[in-house]
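Here's the letter readout for the chains.
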Amino acid sequence: LLHYLSLSGMPKPPVLMLAARFSLNADLRQELATDPFDPARLRGLLTQIQADQIEIDSISVPFVASQRMLRAMQELELHLDRTYLDTALQVCDVLHELPIQVDVWEAQNLWYAISRQPAFAATRDLEWDQIFRELGTKLEIDVDQLADDR
């Protein structure tokens, strides 16, 4: 109904907007917290939120998003496997699509710690290294500066 009202240009009742905001923010938080990570579902929710002009909760959603990024990095640290690297990159990509600021300092610190592990140097190949560097760049880490410091 809300989508139809948006398309038709008719005013949206405040009660309907409040219910939609509550519901879509709950769905967004739930989807961010769910394993396995489903970027297509999250992007669909973001498209719906944008189309219906719903305000994203600026407290709980950034927190849950930050924790999801941290969890992806913790899993990567434990496994150092391409599957977990791809998941961390997908999470990071979707978080950049959120119209809110997400604090990823813990994920940044973990990226750095992973890059300094002896096991990291032993398991990587050129493609893995490129994707890991891409993840660092998307986490707003100056990976070139860190490579020069090594």
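The sections below set out a description of the structure shown in this document.

So, how was this worked out
- Residues numbered from 1 in each chain as written.
- Predicted model: local features only at pLDDT ≥ 70, side-chain atom pairs only at ≥ 80, totals over all residues.
- Heavy atoms only, no water.
- Buried < 20%, exposed > 50% of the residue type's maximum accessible area, 1.4 Å probe, protein only.
- Helix = DSSP H or I, 4+ residues; strand = E, 2+ residues; numbered from the N terminus.
- Arc of directions from axis to C-beta.
- Salt bridge = Lys/Arg side-chain N within 4 Å of Asp/Glu carboxyl O.
- Core = buried A, V, L, I, M, F, W, Y, C linked by side-chain atoms within 4.5 Å.
- Contact = heavy atoms within 4.5 Å.

**Quick notes on helix 6 (residues 105–115)**
An α-helix turns once per 3.6 residues; consequently, residues spaced three or four apart project the same way. Here helix 6 has its buried residues at Ala107, Leu110, Trp111, Ile114 and Ser115. The arc that holds the buried residues of helix 6, viewed along the axis, is 135 degrees, so those residues lie on one side.

**Observations regarding the environment of Pro11**
By secondary structure assignment, the location of Pro11 is in the loop between helix 1 (2–8) and helix 2 (14–33). Note on Pro11: relative accessible area 68%, which makes it exposed. Measuring from C-alpha to C-alpha, the distance between Pro11 and Trp111 comes to 47 Å, with 100 residues separating the pair along the chain.

**Focus on the pattern of salt bridges**
The tally for this structure, following the rule as stated, stands at ten salt bridges. With its nearest N and O atoms 2.9 Å apart, the salt bridge here joins Asp86 to Arg82. Pair noted here: Asp86 and Arg82 are both in helix 5 (residues 82–97), with a separation of four residues, about one helical turn. Its relative accessible area of 29% is what places Asp86 among the partly exposed residues. Each of Asp35, Arg68 and Arg71 takes part in a single network of salt bridges with overlapping partners.

**Some words on the nonpolar core**
Leu28, Met69, Met73, Trp111, Leu135 and Leu139 are the most contacted members of the largest nonpolar core, which has 44 residues in total. Mapped by element, the contributors of at least two residues to this core are helix 2, helix 3 (39–51), helix 4 (60–79), helix 5, helix 6, helix 8 (126–138) and helix 9 (143–149). Broken down by element, this core gets its largest block of residues, eight residues, from helix 4. Beyond its immediate sequence surroundings of up to four residues, Leu28 is in contact with Leu42, Leu45, Leu46, Ile49, Ile56, Val61 and Leu98.

**Thoughts on the environment of Glu55**
As for its position among the elements, Glu55 is in the loop between helix 3 and helix 4. Sequence-wise, Glu55 and Leu45 are ten residues apart; in three dimensions their C-alpha atoms are separated by 12 Å. Glu55 has contacts with Arg21 and Asn25, leaving out every residue within four places of it along the chain.

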